[in-house]
Amino acid sequence: MANLEGITPPVGLNGQVKAPVEWDPDGPSGSFPNIMVIGGDFNQAPGLGSVPGLVGWDGTRFINIVGPNAVTYPKLLTTWDPDGPNTSTSPRLCRRC
């Protein structure tokens, strides 16, 4: 995992965490900070209610991660930048069930 310094792992999910990964939602030139994306066997997150085993964590609160309807309860997460680092395209969050 890349630098998640300062982000304390969250508590309060009602199941097992299987796949934490750091993600920069708008790429290295964007203004948004990196977040932790968490996949696993849980369906509740504090502040969000019902979730399909996929949430973001910004160090203080859970964030809803919008994804394809077919993706639920991922066991593996990774990031992928289709046109290489330091380009205008944001890295993508890849999910594999």
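Draft legend 1. Layout of the nonpolar core. Leu-13, Met-36, Ile-38, Phe-42, Ala-45, Val-51, Val-55, Trp-57 and Phe-62 together form the largest nonpolar core, which totals nine residues. Mapped onto this core, the elements with two or more residues apiece are strand S2 (35-41) and strand S5 (54-57). If near-sequence neighbours (up to four positions away) are discounted, Val-51 is found in contact with Phe-42, Asn-43, Gln-44, Ala-45, Asn-64 and Tyr-73. One finds Ala-19, Trp-23, Ile-35 and Val-37 within the second-largest nonpolar core, a separate group that totals eight residues.

Draft legend 2. Seen up close, the pattern of salt bridges. With the rule as written, the count across this model stands at two salt bridges. Across the pair Asp-41 and Lys-18 runs a salt bridge, and its minimum N-O distance is 3.5 Å. Residue Asp-41 is found in strand S2, and its partner Lys-18 is found in strand S1 (residues 16-23); the two are separated by 23 residues along the sequence. Put simply, Arg-61 and Asp-58 hold a salt bridge, and the shortest N to O gap is 3.4 Å.

Draft legend 3. Quick look at the sheet that holds S2. Reading across from one edge, S1-S2-S5-S6 is the order of the four strands in this open sheet, with antiparallel pairing throughout. If you trace the sheet from one side to the other, it starts and ends with S1 and strand S6 (62-64), each paired once. When strand polarity is set aside, the average angle formed by the axes of neighbouring strands in this sheet is 35°. For S1 and S2, the ladder comprises seven bridges, and the chain directions are antiparallel. Paired with Gln-16 across the bridge in S2 is Asp-41.

Draft legend 4. Region of interest: the environment of Pro-33. By the element assignment, Pro-33 lies in the loop between S1 and S2. The exposure class assigned to Pro-33 is exposed, which follows from its relative accessible area of 56%. Along the primary structure Pro-33 and Asp-58 are separated by 25 residues, whereas in three dimensions their C-alpha atoms are 8.2 Å apart.

Draft legend 5. Fine view of the environment of Glu-22. With respect to the helices and strands, Glu-22 occurs in strand S1. As for Glu-22 and Thr-79, which are separated by 57 residues in sequence, their C-alpha atoms are 7.9 Å apart. Within the local environment of Glu-22, its side chain forms a polar contact with the side chain of Asn-34, the two groups lying 2.4 Å apart.

Reading the values: the criteria
- Residues numbered from 1 in each chain as written.
- Predicted model: local features only at pLDDT ≥ 70, side-chain atom pairs only at ≥ 80, totals over all residues.
- Heavy atoms only, no water.
- Core = buried A, V, L, I, M, F, W, Y, C linked by side-chain atoms within 4.5 Å.
- Buried < 20%, exposed > 50% of the residue type's maximum accessible area, 1.4 Å probe, protein only.
- Helix = DSSP H or I, 4+ residues; strand = E, 2+ residues; numbered from the N terminus.
- Contact = heavy atoms within 4.5 Å.
- Salt bridge = Lys/Arg side-chain N within 4 Å of Asp/Glu carboxyl O.
- Pairing = 2+ DSSP bridges.
- Axes fitted to C-alpha atoms, helices over the stretch in contact; angles between N-to-C directions.
- Polar contact = N/O pair within 3.5 Å; in protein donor to acceptor, adjacent residues only side chain to side chain.

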